[in-house]
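Observations on the model geometry
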Amino acid sequence: MVKSNGGEKGRVVCSNTGSGYYKDLANYDTYIDLKNIPELSIVQKESTGIKFGASVSISKAIVELKKDNQKIMNKIANYFEKIASESIRNSASLGGNLVMAQRSGFPSDIATVFLSVDATLEIITPFSKETVKLEEFLKRPPLDSDSIITNIKIP
């Protein structure tokens, strides 16, 4: 939650699809949607894996994983196609899904799959940037509003 000088309550979101699952969430005066920040929407293939910006939708991840010639990436894509409905996959972000899993114990299939492939997250705060294993991230206290997942990497 973000508070402005005027005392308004704000929330950082990426499409805010979690509000459909958690109907009892508090209402906020302001929503800061990260969906259209270009740096959070990248998909970058590297020699050591594939990196997804945190705001990449599940659907876009499926398309990119299917382009990869590695069998494991195609298996992940096929599994992701079974998650939620197509309209949810089109708007729900990878990073938002992982934050929900960490903060609220959301039963995330994405987190389960990313754990199985030893995925890492890059997190930025106002003063630092760090890369952590997903397993470590899920054990930490909930991510605060000053911290943002910037990308997820599948090795």
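Above this text sits the structure in question.
Structure report, in brief.

Calculation rules
- Residues numbered from 1 in each chain as written.
- Predicted model: local features only at pLDDT ≥ 70, side-chain atom pairs only at ≥ 80, totals over all residues.
- Heavy atoms only, no water.
- Helix = DSSP H or I, 4+ residues; strand = E, 2+ residues; numbered from the N terminus.
- Buried < 20%, exposed > 50% of the residue type's maximum accessible area, 1.4 Å probe, protein only.
- Lys, Arg positive; Asp, Glu negative; His and termini not counted.
- Salt bridge = Lys/Arg side-chain N within 4 Å of Asp/Glu carboxyl O.
- Contact = heavy atoms within 4.5 Å.
- Core = buried A, V, L, I, M, F, W, Y, C linked by side-chain atoms within 4.5 Å.
- Pairing = 2+ DSSP bridges.
- Arc of directions from axis to C-beta.
- Phe/Tyr/Trp six-rings, centres within 6.5 Å; stacked < 30°, edge-to-face > 60°.
- Polar contact = N/O pair within 3.5 Å; in protein donor to acceptor, adjacent residues only side chain to side chain.
- Axes fitted to C-alpha atoms, helices over the stretch in contact; angles between N-to-C directions.

**Notes on the side chain of Asp68**
Looking at where Asp68 falls in the secondary structure, it is placed in the loop between helix H2 (58-67) and helix H3 (71-80). The buried charged residue Asp68 lacks any salt bridge partner; its closest oppositely charged side chain belongs to Lys45, at an N-O distance of 5.2 Å. Apart from residues no more than four positions distant in its own chain, Asp68 is found in contact with Lys45, Met73 and Asn74.

**Some remarks on the nonpolar core**
With 33 residues, the main nonpolar core has Phe80, Leu94, Leu98, Phe114, Phe137 and Ile149 as its most contacted residues. Listing elements by their share of this core, those giving two or more residues are strand S5 (49-53), H2, H3, helix H5 (94-104), helix H6 (109-116), strand S6 (120-124), helix H7 (134-139) and strand S8 (148-154). Residues within four places of Ile149 in sequence aside, it is in contact with Leu40, Ala54, Gly95, Leu98, Val99, Leu121, Glu122, Ile123, Phe137 and Leu143.

**Brief notes about the pairing of S8**
Counting buried residues along S8, six of its seven residues qualify, which places the element largely inside the surrounding structure. Bridging between S6 and S8 involves five bridges; their strand directions are antiparallel. Among the inter-strand pairings, Glu122 is bridged to a residue of S8, identified as Asn151.

**A closer look at H3**
Three- or four-residue spacings in an α-helix give side chains the same orientation, since the helix completes a turn every 3.6 residues. The set of residues buried in H3 consists of Met73, Ile76, Ala77 and Phe80. One side of H3 holds all its buried residues, which, seen down the axis, span an arc of 100°. Residues of H3 that are exposed and point more than 90 degrees away from the buried face comprise Lys71 and Lys75. Contact partners of the buried residues in H3: S5, H2, helix H4 (86-91), H5, H6 and S8.

**Topic: the packing of aromatic side chains**
By the definition in use, this model includes one aromatic pair. Residues Phe80 and Phe114 carry aromatic rings whose centres are separated by 5.7 Å and whose planes lie at 70° to one another, so their mutual orientation is edge-to-face. Taken together, the residues Phe80 in helix H3 and Phe114 in helix H6 connect sequence positions 34 residues apart. Each member of the pair, Phe80 as well as Phe114, is classed as buried.

**Comments concerning H5**
Judged by how many residues are buried, H5 sits mostly within the fold: eight of eleven residues are covered. Among the residues of H5, those classed as buried are Leu94, Gly95, Asn97, Leu98, Val99, Met100, Ala101 and Gln102. Its side-chain oxygen at 2.9 Å from the backbone nitrogen of Gly96, Ser93 defines the N-terminal cap of H5.

**Some points on the sheet that holds strand S7 (residues 129-133)**
Taken together, the five strands give an open sheet; going across it, the order is S4-S5-S8-S6-S7, and neighbouring strands pair in antiparallel fashion. For this open sheet the edge positions go to strand S4 (43-46) and S7, each flanked by a neighbour on one side alone. The average angle at which neighbouring strand axes cross in this sheet is 20°, direction not considered. Sitting on the sheet, H2 is in contact with S4, S5 and S8, with an inclination near 165° to S5.

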